[in-house]
Amino acid sequence: MPTENFMDILFSNWQHTLQPFGVDQVAAEKAFNRLVAAYSTPGRYYHTLKHIDHILSIIQILQGYTNNLAAVQLAAWFHDVVYDTEAQDNEQKSANYAFELLSNLGIPESTITSVTRLILNTKDHKAAVDDCDSQVLLDADLAILATNPVQYLEYAHAIRQEYSWVAEADYITGRRQVLERFLQRSPIYFTPLMSEFAEPSARRNIQGEIQSLASGCGF
């Protein structure tokens, strides 16, 4: 369970994101509680509030590349709000969730449109060359691939837990396909900062997991 201090920091970040829009304090807190409940549902091991916090911290580092920082931050909050490993429409449902909640908070329609577009782009992790906001969000979402070996191992185990309903052989096949698609990207990351400093670690981690999966012993 998240600690009280962690939740305080997260709520402070949420308030800071909403600050430019003059959202009512009570409404902001109710919306935050809804997000907390959504990200705390059973079956989540990686796609939790900790994941959101990590993404927000990376966005903060990459904010100089953004055109609309608030939209990128809001998209980070909502991009995995609906998460079912047996479904194919999580991003669409997450975008719909964001549309409804942000509309109720009185966020401008133009911002909501940007947020929902950014969320939908997380489905295939692809961004146009001139879409800086999507590039930052996607790089932040994939930053976990470049973490230290211990954190990467925790991440890989958490993903396996989220797919516990999948037979081992099928999981190994599917997971290898996902990882190999990332390796085929050149580069994995869009922003210059992540390409330079995160790319080598990400490739090492991914290759290490693929080798472990190939041996049949998991990761």
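Refer to the structure above for everything that follows.
Predicted, not measured: the structure shown is a model, and the values here were computed from it. (Residues numbered from 1 in each chain as written. Predicted model: local features only at pLDDT ≥ 70, side-chain atom pairs only at ≥ 80, totals over all residues. Heavy atoms only, no water.)

Draft legend 1. Structural context of the nonpolar core. Ranked by size, the top nonpolar core spans 67 residues in total, and within it Trp14, Trp77, Phe78, Leu102, Leu105, Leu145 and Tyr189 carry the most contacts. Apart from residues no more than four positions distant in its own chain, Phe78 is found in contact with Trp14, Leu35, Tyr39, Ser94, Tyr97, Ala98, Leu101, Leu102 and Ile119. (Core = buried A, V, L, I, M, F, W, Y, C linked by side-chain atoms within 4.5 Å. Buried < 20%, exposed > 50% of the residue type's maximum accessible area, 1.4 Å probe, protein only. Contact = heavy atoms within 4.5 Å.)

Draft legend 2. Main features of the pattern of salt bridges. Tallied over the entire structure, the rule returns 8 salt bridges. Measuring nitrogen to oxygen at the nearest pair gives 2.7 Å for the salt bridge that ties Asp131 to Arg117. Within this pair, whereas Asp131 is found in the loop between helix H6 (109-120) and helix H7 (132-141), its partner Arg117 is found in helix H6, the two being separated by 14 residues in sequence. Linking Arg203 and Glu199 is a salt bridge whose minimum nitrogen-to-oxygen distance equals 2.9 Å. Of this pair, Arg203 and Glu199 are both found in helix H11 (residues 199-214), 4 residues apart, which corresponds to roughly one turn of the helix. Residue classification places Arg203 among the partly exposed positions, given a relative accessible area of 21%. (Salt bridge = Lys/Arg side-chain N within 4 Å of Asp/Glu carboxyl O. Helix = DSSP H or I, 4+ residues; strand = E, 2+ residues; numbered from the N terminus.)

Draft legend 3. The arrangement of unusual backbone geometry in detail. For the bond running from Ser186 to Pro187, omega is 0°, close enough to zero to count as cis. Looking at where Pro187 falls in the secondary structure, it is placed in the loop between helix H9 (168-184) and helix H10 (192-197). Positioned with a positive phi, His125 is a non-glycine residue whose angle comes to about 55°. Its location among the elements puts His125 in the loop between H6 and H7. Judged by its relative accessible area of 13%, His125 falls in the buried class.

Draft legend 4. Layout of the packing of aromatic side chains. With the rule as written, the count across this model stands at 9 aromatic pairs. Between Phe78 and Tyr97, the ring centres sit 6.3 Å apart and the planes meet at 50°, which makes this aromatic pair tilted. On the criterion of sequence distance, the pair formed by Phe78 in helix H4 (residues 69-78) and Tyr97 in helix H5 (residues 90-104) is long-range, its members being 19 residues apart. Each member of the pair, Phe78 as well as Tyr97, is classed as buried. (Phe/Tyr/Trp six-rings, centres within 6.5 Å; stacked < 30°, edge-to-face > 60°.)

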